[in-house]
Amino acid sequence: MKKLLLLSFVISQLAFSQFTDINIVKEIQTKDKGLVVSAHPLASEVGAKIMKMGGNAYDAVIATQYALAVVYPQAGNIGGGGFLVGVKNTGEKFTLDYRETAPEKASKNMYLDNNGNANTDLSQNGRLAVGIPGSVAGLFATLKYAKLPMEKLIQPAIDLAEQGFSITQREANLLNSEKRYFDKHNSTKTVFQKDIPWKQGDLLIQKELAQTLKLIQKHGAKGFYEGETAELITKEMKLGKGIISLNDLKNYKVEQRNPIVFDYKGNEIVSMPLPSSGGILLAQMLTMSSFQKMEDYQQNSTEAVQVMVEAERRAFADRAEYMGDPKFISDPTHMLISEEYLTKRWRTFSFNQATPSAEVGKIIPQPKESTETTHISIIDKEGNAVAVTTTLNGLYGSKVVVSGAGFFLNNEMDDFSVKPGVPNMFGAVGGEANAIQPGKRMLSSMTPTIVLKKGKPYIIVGTPGGTTIPTSVYQSIVNIIDFNLSPNRSVNSPKFHHQWLPDSVLVEKDFPDTTIVALEKKNYKIQKTAQIGRIELIVIDDEGNATAVADGRGDDSVAVE
Ligand code: GLY
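Residues numbered from 1 in each chain as written. Predicted model: local features only at pLDDT ≥ 70, side-chain atom pairs only at ≥ 80, totals over all residues. Heavy atoms only, no water.

Visitor: Can you help me understand the overall build of the protein in this one?
Guide: Within the protein, the secondary structure is distributed over 18 helices and 21 strands. Taken against the 2.2 N^0.38 rule, which gives 24 Å for 561 residues, the C-alpha radius of gyration of the protein at 22 Å falls within 12% of a compact globule. Summarising its shape, the C-alpha atoms of the protein cover approximately 65 × 60 × 45 Å along the three principal directions. Going through the 561 residues of the protein one by one, you find that 64% of them count as buried. Long-range pairs, those at least 24 residues apart, make up 74% of the contacts in the protein between residues at least 6 apart in sequence. Total accessible area on the protein stands at roughly 19,700 Å², and carbon and sulfur atoms take up 50% of it. Charge separation in the protein, taken as the distance between the mean sites of 61 positive and 62 negative side-chain charges, equals 1 Å. (Helix = DSSP H or I, 4+ residues; strand = E, 2+ residues; numbered from the N terminus. Rg over C-alpha atoms; globule rule 2.2 N^0.38 Å. Buried < 20%, exposed > 50% of the residue type's maximum accessible area, 1.4 Å probe, protein only. Contact = heavy atoms within 4.5 Å. Areas by Shrake-Rupley, 256 points an atom, 1.4 Å probe, with all protein chains shown as cover. Lys, Arg positive; Asp, Glu negative; His and termini not counted. Charge placed at Lys NZ, Arg CZ, Asp CG, Glu CD.)

Visitor: What should I look at first to understand the sheet that holds strand β16 (residues 496–497) in this one?
Guide: Strand pairing in a sheet is mediated by backbone hydrogen bonds. Such pairs are either parallel or antiparallel. Pairing within the open sheet is mixed, and its three strands lie in the order β16-β17-β18. Either end of the sheet is taken by a strand with one partner, and the two such strands are β16 and β18 (526–529). Taken together, the two bridges between β16 and strand β17 (residues 505–508) define a ladder with antiparallel strand orientation. Counterpart to Phe496 in the pairing with β17 is Val507. (Pairing = 2+ DSSP bridges.)

Visitor: Sorry if this is basic, but what is going on with the site of the ligand here?
Guide: As a matter of local geometry, the ligand sits amid nine residues, with Asn393, Glu412, Asp415, Ser444 and Ser445 nearest to it. In this structure, an oxygen atom belonging to the ligand sits 2.7 Å away from a side-chain N or O atom of Ser444. Here Ser445 contributes a backbone N or O atom positioned 2.9 Å from an oxygen atom of the ligand. Isolated, the ligand exposes 200 Å² of accessible area, and the fraction of that covered by the protein chains is 100%. Of the residues in the shell around the ligand, the class split is one nonpolar, four polar and four charged. (Near = heavy atom within 4 Å. Polar contact = N/O pair within 3.5 Å; in protein donor to acceptor, adjacent residues only side chain to side chain. Nonpolar A, V, L, I, M, F, W, Y, C, P; charged D, E, K, R; others polar.)

Visitor: What exactly am I supposed to notice about the environment of Gly34 here?
Guide: Among the secondary structure elements, Gly34 is positioned in the loop between β1 (27–31) and β2 (35–38). C-alpha of Gly34 to C-alpha of Lys152: the two residues are 118 residues apart in sequence and 18 Å apart in space.

Visitor: So what exactly am I meant to see when it comes to the side chain of Ser476 here?
Guide: Mapped onto the secondary structure, Ser476 falls in helix α16 (residues 468–481). In this structure Ser476 comes out as buried when scored by relative accessible area, which is 3%. Setting aside its immediate chain neighbours within four residues, Ser476 contacts Val461, Ser490 and Ile535.

Visitor: Where do I start with the sheet that holds strand β15 (residues 456–462) in this structure?
Guide: Spatial ordering of the open sheet is given by β1-β20-β19-β15-β14-β9-β8, a layout of seven strands whose pairing is antiparallel. In the strand order of this sheet, the two ends are held by β1 and β8 (260–264), each with one partner. Ignoring strand direction, the axes of neighbouring strands in this sheet form an average angle of 20°. Across five bridges, the pairing between strand β14 (residues 449–453) and β15 is antiparallel. Bridging across to β15, Ile450 finds its partner in Ile460. Strand contacts of helix α12 (residues 278–289): β8, β9 (267–271) and β14, with the helix running at about 15° to β8, the strand carrying the most contacts. The sheet contacts of α16 involve β8, β9, β14, β15 and β19 (536–540), and relative to β15 the element is tilted by about 140°. (Axes fitted to C-alpha atoms, helices over the stretch in contact; angles between N-to-C directions.)

Visitor: How do you make sense of the pairing of strand β20 (residues 545–550) when you look at a structure like this?
Guide: Along any regular strand, the residues point their side chains to alternate faces of the sheet. Within β20, six of the six residues are buried, which leaves the element mostly enclosed by the surrounding structure. Taking every second residue as pointing to the same face, both faces of β20 are buried, with Asn545, Thr547 and Val549 on one and Ala546, Ala548 and Ala550 on the other. Note that β1 and β20 share five bridges and pair antiparallel. Bridged to Gln29 within β20 is Thr547. Looking at chain direction, β19 and β20 are connected through five bridges and run antiparallel.

Visitor: What is the right way to look at empty space enclosed by the protein in this model?
Guide: Empty space among the atoms becomes visible once a probe the size of a water molecule is rolled across them. Tallying each qualifying case throughout the model produces four cavities of 30 Å³ or more. Taken as a whole, the largest cavity spans an internal volume of roughly 70 Å³. Ala69, Gly76, Asn77, Phe407 and Phe408 are the residues nearest the centre of the largest cavity, which is lined by 13 residues in total. Per-class residue counts for the lining of the largest cavity are eight nonpolar, five polar and no charged. (1 Å grid on protein atoms, 1.4 Å probe; cavity = no way out; pocket = protein on both sides within 12 Å on 5 of 7 lines; lining within 4 Å. Points joined across faces, edges and corners; volume = space filled by probe spheres on them.)

Visitor: Even after reading the chapter, I still don't get the packing of helix α13 (residues 302–322) against helix α15 (residues 339–346), so can you show me in this structure?
Guide: How two helices pack is summed up by the angle between their axes together with the distance between the axes. Interhelical geometry of α13 versus α15 gives an angle of 115° and a closest axis separation of 11 Å. Of the two elements, α13 crosses α15, and the hand of that crossing is right-handed. Along its contact with α13, which presents Val307, Glu310, Ala311, Arg314, Ala317, Asp318 and Tyr322, the element α15 presents Tyr341, Arg345 and Trp346. When its residues are assigned to classes, the contact of α13 with α15 shows six nonpolar, no polar and four charged. (Left-handed = near helix turned anticlockwise from the far one by under 90°.)

Visitor: Would you mind going over the packing of α12 against α15 with me for this structure?
Guide: Between α12 and α15, the least distance of the axes is 10 Å, while the angle of their chain directions is 60°. As for how α12 packs across α15, the hand of that crossing is right-handed. Residues Ala283, Gln284, Thr287 and Met288 of α12 pack against Tyr341, Leu342, Arg345 and Trp346 of α15. Residues that form the contact of α12 with α15 fall into these classes: five nonpolar, two polar and one charged.

Visitor: Just checking my understanding: could you explain the nonpolar core for this structure?
Guide: As a rule of thumb, nonpolar side chains are buried together in soluble globular proteins. In this structure, Leu35 and Leu286 are the most contacted members of the largest nonpolar core, which totals 83 residues. Residue contributions to this core peak at ten residues, all from α13. Apart from the residues lying within four places of it in its own chain, the contact partners of Leu35 are Ile28, Thr30, Met51, Ser377, Ile378, Ile379, Ile538, Ala546, Ala548, Val558, Ala559 and Val560. (Core = buried A, V, L, I, M, F, W, Y, C linked by side-chain atoms within 4.5 Å.)

Quick look at the structure:
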């Protein structure tokens, strides 16, 4: 790896006392220092500062998530849920599932109208769209791996909420464009609504959120799931069609799960199991494309894209048919990632032309998933690694802010198949395995992933992007391992995506025309989109030099300890 850059202006940011200077840092190379990559510079700086105070990667990830709940309200959250994949320097691999769950009063047909049609407005917007939040319980479960007390880890977020911070141009644009939904779904004016449009540099102060964070600081997870905050959540439910009860909140449980672990060309991939489809899809796609000589192709060449698209098509057909919360279905993981099954699945692949989606799976219309999630990748100087993806589902979730508590609630219920066969907000189609049941976790696409080489962290990666998450993580890994690309090129070159249904290849606007023309000749339908995902990547070479890259598609930023 080339010369190590430790930029002095990055270090000067560590001692922030005000939150009005927003310095976005896209890449840092270092050795023997902790690195944090997240969607917002202030949140990454909080994580780095916590490591400077003696915290490890798990302390940093807790503090960064709380900070994102303040400075990145579109997706950072305490009102949503997420998945954490960790590898300790002892070699221990673990995951935490703090996905939302369906409330006790939820039922399979709760979003169907009298004619049996799915009312996706109800599953996507307002109080009935909310799943029981898991994030705060998840952060307390993470504490087992951390060194510092929660009171310290939450304090930077309290300061950011109380003192306010300058919003970026992107956040201002989003708050302005979503205002009509905030107006519609809130009964009192929230801090996110203004009479004149937001602009870059405006201070966003969140006193109610600061108060909620202080209750968590004082009472632990009970400061959220019981008492004043729980009362405010259930009161908010009653202002509309919401069904979350005090019992639902009190009974929320984090699940510690064994990660999906598989070999890819001598590297060990560690990723998230069900109820996220991410790890299974990643294993399926990497295994199927390894049946071809990927290392002989160029990134985004016709051959490489065709092989990867066909692997994606087959994996997403399986997602629709087989995947859901493993507590409620017979767990299909072992069968789906077995070499024997995937070899059979790959038999219909041909370089001559596209395989029609109808030939690889029963046509089950898929729910369309939202792309507004957020990811954090962290390595510390002791060699602990963590990848966390967390979400409200849609942009600002259900658009409902808990009155008196100041945070957005998720609209994660839409990730269930609200009517098996009807696409969710990402266009993903779900079947019976992902039907709504009380206490069940909705299927996710989040794919926090750590790749190990000789037992040590090599790649830490993840992204937002709904159904494009697993395919973006897939491309990042192939870009580095097969195409030998630099971390920066791996993150910032144009991406593509296929999800079985709709049967078209989504490509970013600057995707190479020559590949598009060649694919169209083979019967692929191409659809252009502005951008796919925002990857947060850390790559550590054999000598221990680490490069962290924050995606150029957003305000994402790297910070060093
Ligand atoms: N709601 C996005 C996901 O779970 O993948």
